[in-house]
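Commentary on secondary and tertiary structure
Chain by chain, the residues run as shown.
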Amino acid sequence: MNATAQLADRHKSAVARGVATKSIYVARAQNAELWDVDGKRYIDFAAGIAVVNTGHCHPKVIAAVTEQAQAFTHTCFHVAPYESYVSLAERLNGLTPGDFAKKTMLVTTGAEAVENAVKIARNATGRPAVIAFGGAFHGRTLLGMALTGKVVPYKKGFGPFPADVFHAPFPKTYHGIDTAQAIAGLKSLFLTDVDPARVAAIIVEPVQGEGGFYVAPFDFLREVRKVCDEHGILMIIDEIQTGIARTGKLFAAEHAGVAADIVTMAKGLAGGFPLSAVTGRAEIMDAAAPGGLGGTYGGSPIGVAAAHAVLDVVEEENLTGRAAEIGEIMRDHLTAMAKRNEFACIGDVRGLGAMTAFELVKDRATRAPDAALTSALIARAQDKGLILLSCGPDANVVRLLAPLTTPVAQVKEGLAILEAALTELVTESQN
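Residues numbered from 1 in each chain as written. Predicted model: local features only at pLDDT ≥ 70, side-chain atom pairs only at ≥ 80, totals over all residues. Heavy atoms only, no water.

**Some words on the pairing of strand β7 (residues 199-204)**
The buried count for β7 comes to 6 of 6 residues, which makes it a mostly enclosed element. The pairing of strand β5 (residues 129-133) with β7 spans 3 bridges and is classified as parallel. Within β7, the residue paired with Ile131 across the bridge is Ile202. Bridging between β7 and strand β8 (residues 234-238) involves 4 bridges; their strand directions are parallel. Looking across to β8, one finds that Ala201 is bridged to Leu234. Regarding the hand of the β-α-β motif, the stretch spanning β7, helix α8 (residues 218-231) and β8 is right-handed. (Buried < 20%, exposed > 50% of the residue type's maximum accessible area, 1.4 Å probe, protein only. Helix = DSSP H or I, 4+ residues; strand = E, 2+ residues; numbered from the N terminus. Pairing = 2+ DSSP bridges. Right-handed = clockwise from strand over helix to strand, strands pointing away.)

**Details of the pairing of strand β2 (residues 33-36)**
Put simply, side chains in a regular strand alternate between the two faces of the sheet. Burial along β2 is two-sided: Glu33 and Trp35 facing one way and Leu34 and Asp36 facing the other are all buried. In this structure, strand β1 (residues 26-30) lies alongside β2, joined through 4 bridges in antiparallel fashion. Bridging across to β2, Ala29 finds its partner in Leu34. Between the antiparallel neighbours β1 and β2 lie 2 residues, among them Asn31 with a positive phi of about 55°. Across 3 bridges, the pairing between β2 and strand β3 (residues 41-44) is antiparallel. Note that in β3 the partner of Glu33 across the bridge is Ile43. Linking two consecutive strands that pair antiparallel, namely β2 and β3, is a turn of 4 residues; a positive phi of about 85° is found at Gly39 within it.

**Re the pattern of salt bridges**
Applying the stated criterion across every chain yields a total of 19 salt bridges. Two residues, Arg322 and Glu325, come together in a salt bridge whose shortest N-O distance is 3.0 Å. Of this pair, Arg322 and Glu325 both sit in helix α11 (residues 319-338), 3 residues apart, which is roughly one turn of the helix. Lys384 is the salt-bridge partner of Glu424, the closest N and O atoms lying 2.7 Å from each other. One end of the pair, Glu424, is in helix α13 (residues 408-430); the other, Lys384, is in the loop between α12 (371-383) and β14 (386-387), with 40 residues separating them in the sequence. By relative accessible area, Glu424 is classed as partly exposed at 29%. Shared partners join several salt bridges into a network, and the residues in it are Arg225, Asp229, Asp261 and Arg281. (Salt bridge = Lys/Arg side-chain N within 4 Å of Asp/Glu carboxyl O.)

**Here's the deal with the sheet that holds β7**
In space, the 7 strands of this open sheet follow the order β4-β10-β9-β8-β7-β5-β6, with mixed pairing throughout. The sheet is open, and its two edges are formed by β4 (102-107) and β6 (165-168), each paired on a single side. If you compare each strand with its neighbour and ignore which way they point, the axes differ by 20° on average. Sheet analysis places β5 next to β6, joined by 4 bridges and oriented parallel. From the neighbouring strand, Ile131 faces β6, where its bridge partner is Phe166. (Axes fitted to C-alpha atoms, helices over the stretch in contact; angles between N-to-C directions.)

**Observations regarding the packing of helix α3 (residues 59-71) against helix α10 (residues 301-316)**
For any two helices packed against each other, one specifies the inter-axial angle together with the distance between the axes. Here α3 crosses α10 at 150°, and the two axes come no closer than 8 Å. In terms of orientation, α3 and α10 fall into the roughly antiparallel class. Crossing hand, α3 versus α10: right-handed. For the pair α3 and α10, the contacting residues are Lys60, Val61, Ala64, Val65, Gln68 and Ala69 in the first and Pro301, Ile302, Ala305, Ala306, Ala309, Val310, Val313 and Glu316 in the second. (Parallel < 35°, antiparallel > 145°, perpendicular 65-115°, else oblique. Left-handed = near helix turned anticlockwise from the far one by under 90°. Contact = heavy atoms within 4.5 Å.)

**Some details on the packing of aromatic side chains**
Two aromatic rings are characterised by how far apart their centres lie and by the angle between their planes. Applying the stated criterion across every chain, the model contains 8 aromatic pairs. Centroid distance Phe77 to Tyr82: 5.4 Å. Interplanar angle 80°. Geometry classified as edge-to-face. Phe77 sits in the partly exposed class, given a relative accessible area of 22%. Exposure remark for Tyr82: the relative accessible area of 7% places this residue in the buried category. An aromatic cluster of at least three residues, connected via ring pairs, comprises Phe72, Phe77, Tyr82 and Tyr85. Lys102 extends its terminal NZ or CZ atom over the ring of Phe100, reaching a point 5.3 Å from the ring centre. (Phe/Tyr/Trp six-rings, centres within 6.5 Å; stacked < 30°, edge-to-face > 60°. Lys NZ or Arg CZ within 6 Å of the ring centre and 35° of its normal.)

Written as structure tokens, this is what we have:
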């Protein structure tokens, strides 16, 4: 029995079944490559779910963390604050979209950032209700699950959920829902479900992550901004997966020219170390009384040091430009594949920057999802040394999230593996 099989047995006996995983047990990782406990090499097109945008173990991130660990690892910011937290808040206040005074709080996870954003919005407005979108993913906490617009596996069996959370349709142009229809659906909530005067915030992802990598049309985000302004509603943009250069801009909302009242970020912010942030208009962020916000591990000095290094690397290595380059290579390759008769199963190729995905269908005319082929492709690619992820409400979307530091040669190597795996599966299905 090899080391992977042994670990799989121990895993099954010791870890809760609901914690779903792949069968890759990592021993080491460097930039866009990963090696398992048996020495097998993988090209990583997952990046820890868009976390290691700067690659695994970037030297500058590791150096910053090492230096901080030798100084102190934890004091709790509430007990003995530190300059690095303050300076990171200053950087994020300046980097997030919007030409107005901002303030920031640091926490630990994406779900915690979302929880705090909603908490702040409710406190600042004195209103209880929140609107999210179908297909959204905002975390696995109770409020996160309530905001999430996908039942299986995130919500099934875990209710009841917090009240005063509503869902509007998200624009999915491939499935016939455009900006006008989505905005009409949002406005219909005001007629049928919730008085807009009771809505504290609307929370939206510029590109839906778990929801299927559907890119919000830029005019849609601008229309949501208008709706918020009309009714005194705060706009929360969830940049947890899209932020920190992933889409070719530091924040995806920049593509649309939209400034949120509150921005949440996590994942790519600290290069693999647990850190998240909530940045918003100063008067909104200051609405809560002292002691109303925070947490024991919020703004860990280790995570903060990593985040400073990540932001430095993003600028020094032009990772926004690299994101655009990697995304273009991926989408060009996938679009060329989709034009070939043998790949009629590719129904749609989409993305923004280095958030790229393709949707697998049984029939292009009906666009019926092919979840079985998607699952088989991810498994076959893994066998060949490529890590991929699926997403979407029908589990038929393959997403590509390579680190933004991935060498072009490895991007192309990964795409060749993907193409070979899909070719094999299509051929087998025809025999």
